[in-house]
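One letter stands for each residue in the lines below.
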Amino acid sequence: MLATTSRTLLRSSGRTAIQALVARGISSPVSSSIGIRSNSTTTKKIFPTSHFHKSHQVAHKSAVPIIDDHIRGDYNSSSVIEGADACSKAGISNLGINGPSTIYKNQTFEELFQHEVANNEGKVAHTRDTFTVDTGKFTGRSPKDKWIVKNIGSESDANIDWGNVNQPTSPEVFDELYEKAVNHFNTLDKAYVFDGFCGANPNSQRKIRFVHEMAWQQHFVTNMFIRANDESDLDGFEPDFTVINACSQVDEDWERHGLNSEVAVVFNVEKKCAVIFGTWYGGENKKGIFSLMNYWLPMQGQFPMHCSANVGKAGDSALFFGLSGTGKTTLSADPNRALIGDDEHGWDDQGVFNFEGGCYAKTINLTEKTEPDIYRAVKKDAMLENVALKGDDNEPDYFDTSKTENGRVSYPIFHIDNYHEPQMAGHPKNIIFLSCDAFGVLPPIAKLTPEQAMYHFISGYTAKVAGTERGVTEPTATFSACFGAAFLTLHPTRYAELLKEKLEKHNAQAWIVNSGWSGGAYGIGERMSIKTTRACVNYILDGKIEDTTWEKDPVFGWEIPASIPDVDSSVLRPKNTWPDASQYDEAEKKLANMYVDNFEKYRVGDVDYSQFGPKL
């Protein structure tokens, strides 16, 4: 058992025995001349409607990243509760969990690192001073194993869009699984409890409690959710929702329960609780809460979004919609703009706000040259998931995808040099729909009318990228409503109506950006380079694109720019990149037909937005 006085020891010594064994020489911090915060003082540089947080700069060729101990030390609501009444004091006895006599609650980053090493829960990548875990056969979400309890006659019963995404199960099944999870935790001597928050906007913020078996799981949610600064932030904490993660257990009775496998991720909206069985994948923790925010916020007239967001020095925020693998994390991490968040946001009458307190980025082929912000975020307190290691120092090998192409790193948002400390910003000027086009038909950039924006938001065309979901081994063309159908608890048109309201009220411009294939379909053409996609996005955000000339696409109706600096003009017109123009015409017609067929189910309401789709 780790000492209960570890917080005091860490503050006084600054280095533990375990640290000494695994560390490989952290460089001294270098003060930033443009920063607003340093180790010794806190100052703020105010821009017209926003301000940046700039942590310590890292040299481009730095072998070992620098960690800002002052910032990470801001988060300390840690406690170790021991004794027969530990569960009661930790607030989990009301769940029926009374067995563990030691509860590690809201451990600091340093304490979690000690636990992970002492518990042998993974390995330390010594050159990065980063803990790494292997989640077994589940290296992505398991969407067919996600269930929501259908409480007949309840508010959720009346509003949830029941079907393949929101699969219904019965209260009786949930009660059995809940009891099974509780019974399992009652066999343990210790447990990890995290109390945190989802949503930076106080008007819609939710209090979330996680109960975990292992330290690395608490580390994951500590990275991903909004952390309490100190114990006073948790005074009177009563969770709006609780997740009991019994990932080491499986549902042996899944067939009797009418489920799809021994894996079960089950949410009960009315009981404000979820249970997880059989999957160790960290993403199940965060995506489940995102689905709940997609239920809660529209009830308040707020718009929940599966997007990343950043903001410029003039306060000009931008949104990047897209599924996993389309580039929303990479493209929003911009050295010239402040990052609000990389995955989940809300949009209300004040502007946009982050749901999370961290980022969850793909690591496939990660290099400092192509994705410097993410590469440098892999340092102490980050956590690598399903990333291959090499050499005696366990150096991460981002090019080895033998385990999965969905290797990930989670890290607190302050690991990004340019992060927007308030985690809220004004109304967006630009909205970018990212598509990973597996057919090689879409241009790298296209301008949309407001009506076309509605059509393409509802369509949500992209490709499922290998490894992001169980069973997906290569990119497959798909339509995912609102660029996040897997997380929509209400009917897609509910979210589309909220987007329409925001577009009209705030005069935002929508764009399509294709981060997928050019010169042919997957297997024939080549994937757009990050450099090309970044150049298109930069041209949008700096406002210079408005000065270019445009050409209307005869099939899709959107407008394509005549030229963009640093982008081959032939690439802007996909047909020009194909060896055989007739084959492109055939592929374009095929994709256009897919759009039309997919949209049939959305031809409801006062306006038929199908008229703003492709013309055959």
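Everything discussed here concerns the structure shown above.
Please read these numbers as outputs of a predicted model, since none were measured by experiment. (Residues numbered from 1 in each chain as written. Predicted model: local features only at pLDDT ≥ 70, side-chain atom pairs only at ≥ 80, totals over all residues. Heavy atoms only, no water.)

A.B. asks: Which parts of the structure should I look at to understand the overall build of the protein chain?
C.D. replies: If you tally the helices and strands in the protein chain, you get 16 helices and 33 strands. Looking at the protein chain as a whole, 61% of its 616 residues qualify as buried. When contacts within the protein chain are restricted to residue pairs at least 6 apart in sequence, those whose partners lie at least 24 apart make up 73%. Carbon and sulfur atoms form 48% of the exposed surface of the protein chain, whose accessible area is close to 23500 Å². (Helix = DSSP H or I, 4+ residues; strand = E, 2+ residues; numbered from the N terminus. Buried < 20%, exposed > 50% of the residue type's maximum accessible area, 1.4 Å probe, protein only. Contact = heavy atoms within 4.5 Å. Areas by Shrake-Rupley, 256 points an atom, 1.4 Å probe, with all protein chains shown as cover.)

A.B. asks: Just checking my understanding: could you explain helix H8 (residues 215–224) for this structure?
C.D. replies: One turn of an α-helix holds 3.6 residues; hence residues three or four places apart share an orientation. The buried fraction of H8 is high, at ten of ten residues. Regarding H8, the residues found buried are Ala-215, Trp-216, Gln-217, Gln-218, His-219, Phe-220, Val-221, Thr-222, Asn-223 and Met-224.

A.B. asks: Would you mind going over the sheet that holds strand E4 (residues 123–125) with me for this structure?
C.D. replies: The strand order across the open sheet formed by five strands is E4-E5-E19-E22-E18, and the pairing between neighbours is mixed. Only two strands of the sheet have a single partner each, and these edge strands are E4 and strand E18 (358–362). Averaged over all adjacent pairs, the angle separating strand axes in this sheet is 25 degrees, with direction ignored. As paired elements, E18 and strand E22 (residues 408–412) share five bridges and run antiparallel to each other. By the bridge assignment for E22, Tyr-360 is matched with Ser-410. Sitting on the sheet, H8 is in contact with strand E5 (130–133), E18, strand E19 (383–385) and E22, with an inclination near 110 degrees to E19. (Pairing = 2+ DSSP bridges. Axes fitted to C-alpha atoms, helices over the stretch in contact; angles between N-to-C directions.)

A.B. asks: Just to check I follow, could you spell out the environment of Leu-177 for this structure?
C.D. replies: Mapping Leu-177 onto the fold places it in helix H7 (residues 171–185). Along the backbone, Leu-177 and Ile-276 are 99 residues apart, and their C-alpha atoms lie at a distance of 9.0 Å. In this view, Leu-177 contacts Asp-251, His-257, Leu-259, Ala-264, Val-266, Val-275 and Phe-277; residues no more than four positions away in its chain are not counted.

A.B. asks: I would appreciate a short explanation of the packing of aromatic side chains in the present structure.
C.D. replies: The description of two aromatic rings rests on the distance between their centres and on the angle between their planes. Within the structure shown, the criterion is met by 32 aromatic pairs. Aromatic pair Phe-321 and Phe-457: ring centres 5.5 Å apart, planes at 80 degrees, arrangement edge-to-face. Of this pair, Phe-321 sits in strand E14 (residues 317–321) while Phe-457 sits in helix H13 (residues 450–459), placing them 136 residues apart in sequence. We note that Phe-321, like Phe-457, is buried. The interplanar angle of 45 degrees and the centroid separation of 6.5 Å between the aromatic rings of Phe-321 and Phe-483 together place this pair among those described as tilted. Of this pair, Phe-321 sits in strand E14 while Phe-483 sits in the loop between strand E28 (476–479) and helix H14 (492–506), and the two are 162 residues apart along the sequence. Using a relative accessible area of 0% as the deciding quantity, one classes Phe-321 as buried. Taken together, the ring pairs in this structure connect Tyr-455, Tyr-461, Phe-479, Phe-556, Trp-558, Tyr-595, Phe-599 and Tyr-602 into an aromatic cluster. (Phe/Tyr/Trp six-rings, centres within 6.5 Å; stacked < 30°, edge-to-face > 60°.)

A.B. asks: Is there a simple way to explain a negative patch on the surface in this structure?
C.D. replies: Negative charge collects at one region of the surface, where Asp-230, Glu-231, Asp-233 and Asp-235 lie side by side. As for its position among the elements, Asp-230 is in the loop between H8 and strand E10 (241–246). (Patch = residues over 30% accessible without salt bridge, like charges linked within 9 Å, V, L, I, M, F, W, Y side chains within 5 Å. Salt bridge = Lys/Arg side-chain N within 4 Å of Asp/Glu carboxyl O. Lys, Arg positive; Asp, Glu negative; His and termini not counted. Charge placed at Lys NZ, Arg CZ, Asp CG, Glu CD.)

Remember, this is a structural readout, not a statement about activity or role.
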